[in-house]
Amino acid sequence: MSLPHAILTALLEKPSSGLELTRRFDRSIGYFWSATHQQIYRELGKLERDGLIRELPSQAPARGQKKEYEVLPQGRAELVRWTAAPQDPKPLRDPLLLRLRSAAVVGVTGVDDDLRRHLVLHRRQLDRYLEIEEKDFPPEKNSEVDRLQHAVLRAGIDLETFWVRWLERTISELDDA
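What counts, and where the lines are drawn
Residues numbered from 1 in each chain as written. Predicted model: local features only at pLDDT ≥ 70, side-chain atom pairs only at ≥ 80, totals over all residues. Heavy atoms only, no water. Core = buried A, V, L, I, M, F, W, Y, C linked by side-chain atoms within 4.5 Å. Buried < 20%, exposed > 50% of the residue type's maximum accessible area, 1.4 Å probe, protein only. Helix = DSSP H or I, 4+ residues; strand = E, 2+ residues; numbered from the N terminus. Contact = heavy atoms within 4.5 Å. Axes fitted to C-alpha atoms, helices over the stretch in contact; angles between N-to-C directions. Parallel < 35°, antiparallel > 145°, perpendicular 65-115°, else oblique. Nonpolar A, V, L, I, M, F, W, Y, C, P; charged D, E, K, R; others polar. Salt bridge = Lys/Arg side-chain N within 4 Å of Asp/Glu carboxyl O. Phe/Tyr/Trp six-rings, centres within 6.5 Å; stacked < 30°, edge-to-face > 60°. Lys NZ or Arg CZ within 6 Å of the ring centre and 35° of its normal. Expected span 1.5 Å × (residues − 1). Arc of directions from axis to C-beta. Pairing = 2+ DSSP bridges.

Enquirer: Requested: an account of the nonpolar core, with residues and values cited.
Expert: Ile7, Leu11, Phe25, Leu44 and Ile53 are the most contacted members of the largest nonpolar core, which has 18 residues in total. If one sorts the elements of this core by residue count, helix α1 (residues 2-13) sits on top with six residues. Apart from the residues lying within four places of it in its own chain, the contact partners of Ile7 are Leu21, Phe25, Ile40, Glu43, Leu44 and Leu47. In terms of nonpolar packing, the next biggest core, distinct from the first, is built from 17 residues, Leu96, Leu100, Leu115 and Val164 among them.

Put into structure tokens, the structure is as follows:
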């Protein structure tokens, strides 16, 4: 149920076309909630049918014109309801961890190379998040909105830091064995 809420959030931040939404997902929301372009377009249709968003009136002829959407009051109310609702933490489901558990049964051939590849990817993502933090969150940017957005980014930073440290330790332990 979270993809519609991610779309409602993005549209409340800025009315957008489906294409603009997919680009914004690729650049921001997609760091912590991924969706394919097809999923976003499919969800836009459902949200519109459910009366949560509407297509903005267009000045130009509709043929070939991209549709822009905005959130209706019912959509805002749904987002408020969902934001305030309690939700339990989700268990970690990562294929890498399952593969390591399997490697303990069938052998570790090839797993250590992939651990190193994952380490490179997580370091790269951590660097990207730290660059975003430096650019977008200077100390004087301290409104409630800024603090909440920064908290989301810090979660990403902390998760990537966890993965980097865990991978470094795991690789070291496998190398020592």
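Enquirer: So what's going on with the packing of α1 against helix α3 (residues 37-49)? Residues and values would help.
Expert: For the pair α1 and α3, interaxial distance at closest approach is 10 Å and the crossing angle is 80 degrees. As summarised for this structure, α1 and α3 are arranged roughly perpendicular, according to the angle between their axes. Mapping the contact onto sequence places Leu3, Pro4, Ile7, Leu8 and Leu11 in α1 and Gln39, Ile40, Glu43, Leu44 and Leu47 in α3. Of the residues assigned to the contact of α1 with α3, the class counts are eight nonpolar, one polar and one charged.

Enquirer: Tell me about the pattern of salt bridges, residues and numbers included.
Expert: Across all of its chains, the model carries nine salt bridges by this definition. Its salt-bridge partner being Arg116, residue Asp175 comes within 2.8 Å of it at the nearest N-O pair. Residue Asp175 is found in helix α7 (residues 144-176), and its partner Arg116 is found in helix α6 (residues 111-136); the two are separated by 59 residues along the sequence. Classification of Asp175 as partly exposed rests on a relative accessible area of 44%.

Enquirer: Lay out the packing of aromatic side chains in plain terms, naming residues and giving numbers.
Expert: For the structure on display, the rule yields three aromatic pairs. Judged by centre distance (5.3 Å) and plane angle (80 degrees), the rings of Tyr31 and Tyr129 are edge-to-face. On the criterion of sequence distance, the pair formed by Tyr31 in the loop between α2 (18-27) and α3 and Tyr129 in helix α6 is long-range, its members being 98 residues apart. The partly exposed category is assigned to Tyr31, whose relative accessible area is 29%. Among the aromatic residues, ring-to-ring pairing joins Phe162, Trp163 and Trp166 into one connected group. The lysine or arginine in question, Lys141, covers the ring of Phe137, its NZ or CZ lying 5.3 Å from the ring centre.

Enquirer: If you had to explain α2 to someone new, which residues and values would you point to?
Expert: What α2 keeps buried is the set Gly18, Glu20, Leu21, Thr22, Arg24 and Phe25. Where α2 is buried, its residues touch α1, β1 (16-17), α3 and β3 (68-71).

Enquirer: I'd like a rundown of helix α5 (residues 95-106), residues and numbers included.
Expert: Side chains three or four residues apart in an α-helix point the same way, a direct result of the helix having 3.6 residues per turn. Across its twelve residues, α5 extends 16 Å between first and last C-alpha, which sits within 8% of the 16 Å expected from 1.5 Å per residue. Of the positions making up α5, those classed as buried are Leu96, Leu100 and Ala103. Along the axis of α5, the buried positions cluster into a sector of 55 degrees, meaning they face one direction only. Away from the buried face of α5 by more than 90 degrees, exposed residues Pro95, Leu98, Arg101, Val105 and Val106 are located. Considering only its buried residues, α5 is in contact with α6 and α7. Gly107 lies just past α5 and shows a positive phi near 115 degrees.

Enquirer: An account of the sheet that holds strand β2 (residues 53-55) is requested, with residue identities and associated values reported.
Expert: Pairing in this open sheet of three strands is antiparallel, and the strands run β1-β3-β2 from one edge to the other. If you trace the sheet from one side to the other, it starts and ends with β1 and β2, each paired once. Across three bridges, β2 lies against β3 in antiparallel orientation. The residue of β3 that forms the bridge with Ile53 is Val71.

In short, the description is geometric, and any link to function would need to be established separately.
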